[in-house]
Amino acid sequence: MSSLYELSRIMRPDDANIVGNVHGGTILKMIEEAGCIIGTRHCNTQSGDRCVAALARVERTDFLYPMFIGEVAHVSAEITYTSKHSVEVQINVLSENIVTGTKKVTNKATLWYVPFSLQNVAKITEVPPITYSSSEQEEAGKKRYEAQKLERLETKERNGEILMSVSVPEPYTVAFSQSSLIHLIGPSDCTLHGFVHGGVTMKLMDEVAGIVAARHCKTNIVTASVDAINFHRTIKKGCVITVSGRMTFTSNKSMEIEVFVDADQLVEAEKGKYRAVTAFFTYISLDKDNKPLPVPPLKLEGEEEQKRFEEGKARYLQNKAKRLADKESQQ
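Remember, predicted model here, so these are calculated numbers, not experimental data. (Residues numbered from 1 in each chain as written. Predicted model: local features only at pLDDT ≥ 70, side-chain atom pairs only at ≥ 80, totals over all residues. Heavy atoms only, no water.)

Leaving glycine aside, a negative phi is the common case for residues, and trans is the common case for peptide bonds. Even without a glycine there, the phi angle at K218 is positive, about 60°. Within the secondary structure layout, K218 lies in the loop between α4 (198-217) and β8 (220-226). Residue K218 is classed as exposed on the basis of its relative accessible area of 60%. With phi around 65°, N290 is a residue other than glycine that occupies positive phi space. With respect to the helices, strands and loops of the structure, N290 is situated in the loop between β12 (273-286) and β13 (292-293). (Helix = DSSP H or I, 4+ residues; strand = E, 2+ residues; numbered from the N terminus. Buried < 20%, exposed > 50% of the residue type's maximum accessible area, 1.4 Å probe, protein only.)

Here it is, written out as structure tokens:
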């Protein structure tokens, strides 16, 4: 008999868009989790190297019916073919309305896995064979295996291994470390009135600022302070926000990153994108013992960057003077 595995989970607001339709990515993630579990279990049923099944290919996957918040997703996985070094897993997804009891098949998927040794990640281990109910079933599986193998080789040859060269900015410049993040505001990000929680926005801002700082220093970095965060306009559920960060100033042991949050209303696109939040984050660089490290100087390009640097320096000196004054007043 072929190996079988099943998992079930109720769909929550985090899994869906603003109108309650479960994201395709949520379903795909569950499908892959089930495939990885059954594939890894099967490949470890024989003696020898312990291994983990790594996803190699997903065949075309159709979403037959939408799934909604509150429904239960039932994912069933079955190993239907094995070659010497690969496993075919076929998966069915059913949605269950637990109030009415109605069930629908929402997805069918076929995934291929390759087992890699845990001791030597470059080594592909052999796959234990499965028992087929008939020679016809085995032959059909072999045909699917050969077809997907040929298509993967053709795709690899067509697309090539080498990406087009892209000009990389010089290290320690503003352009080198600047970063951005795009996030869809979902129900779990929002208050009961449909506006995003300030904490959600600030967390994303800190993540982007941290990436900028880490790219500049290439070391462990931590948030040292945050200047006033200005929430200029509210951000509604369903907006796509772009959180952008750029280095503005570096002292010997700190760096200032300016962060912007721009919101774009997908449903009311005619209103256009608008700037919702701005702030300055200050980070410091740490060594392995969590002691401050010198920060590489920022290389400035153009008058605009020089102007922002001077403004950042003024803020730095002002904050430094304030800290010293507070320290003296406490003595």
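A few words now on the pattern of salt bridges. The final tally for this structure, using the stated rule, is 15 salt bridges. In this structure, the salt-bridge partner of E207 is K203, at a minimum N-O distance of 2.6 Å. Note that E207 and K203 are positioned in helix α4 at a spacing of four residues, about one turn of the helix. For K203, a relative accessible area of 53% corresponds to the exposed category. Salt-bridge contacts for R315 lead to E256; the nearest nitrogen and oxygen are separated by 2.8 Å. One end of the pair, R315, is in helix α5 (residues 303-330); the other, E256, is in strand β11 (residues 255-265), and 59 residues separate them in sequence. (Salt bridge = Lys/Arg side-chain N within 4 Å of Asp/Glu carboxyl O.)

Turning our eyes to something else, we now look at the environment of A73. Position of A73 relative to the elements: it lies in strand β4 (residues 72-82). Given the relative accessible area of 0%, A73 is considered buried. Measuring from C-alpha to C-alpha, the distance between A73 and M255 comes to 47 Å, with 182 residues separating the pair along the chain.

It is worth spelling out the nonpolar core at this point. Among the nonpolar cores identified, the biggest contains 33 residues, and M205, I235, I241, V243, M255, I257 and Y283 are the most heavily contacted of them. With seven residues, α4 is the largest single contributor of residues to this core. Beyond its immediate chain neighbours, meaning those up to four positions away, I235 contacts I185, G194, F195, V196, T201, I241, V261, A263, Y274, A276 and V277. Judged by nonpolar contacts, the second largest core, of 30 residues, contains M30, I38, W112 and Y145. (Core = buried A, V, L, I, M, F, W, Y, C linked by side-chain atoms within 4.5 Å. Contact = heavy atoms within 4.5 Å.)

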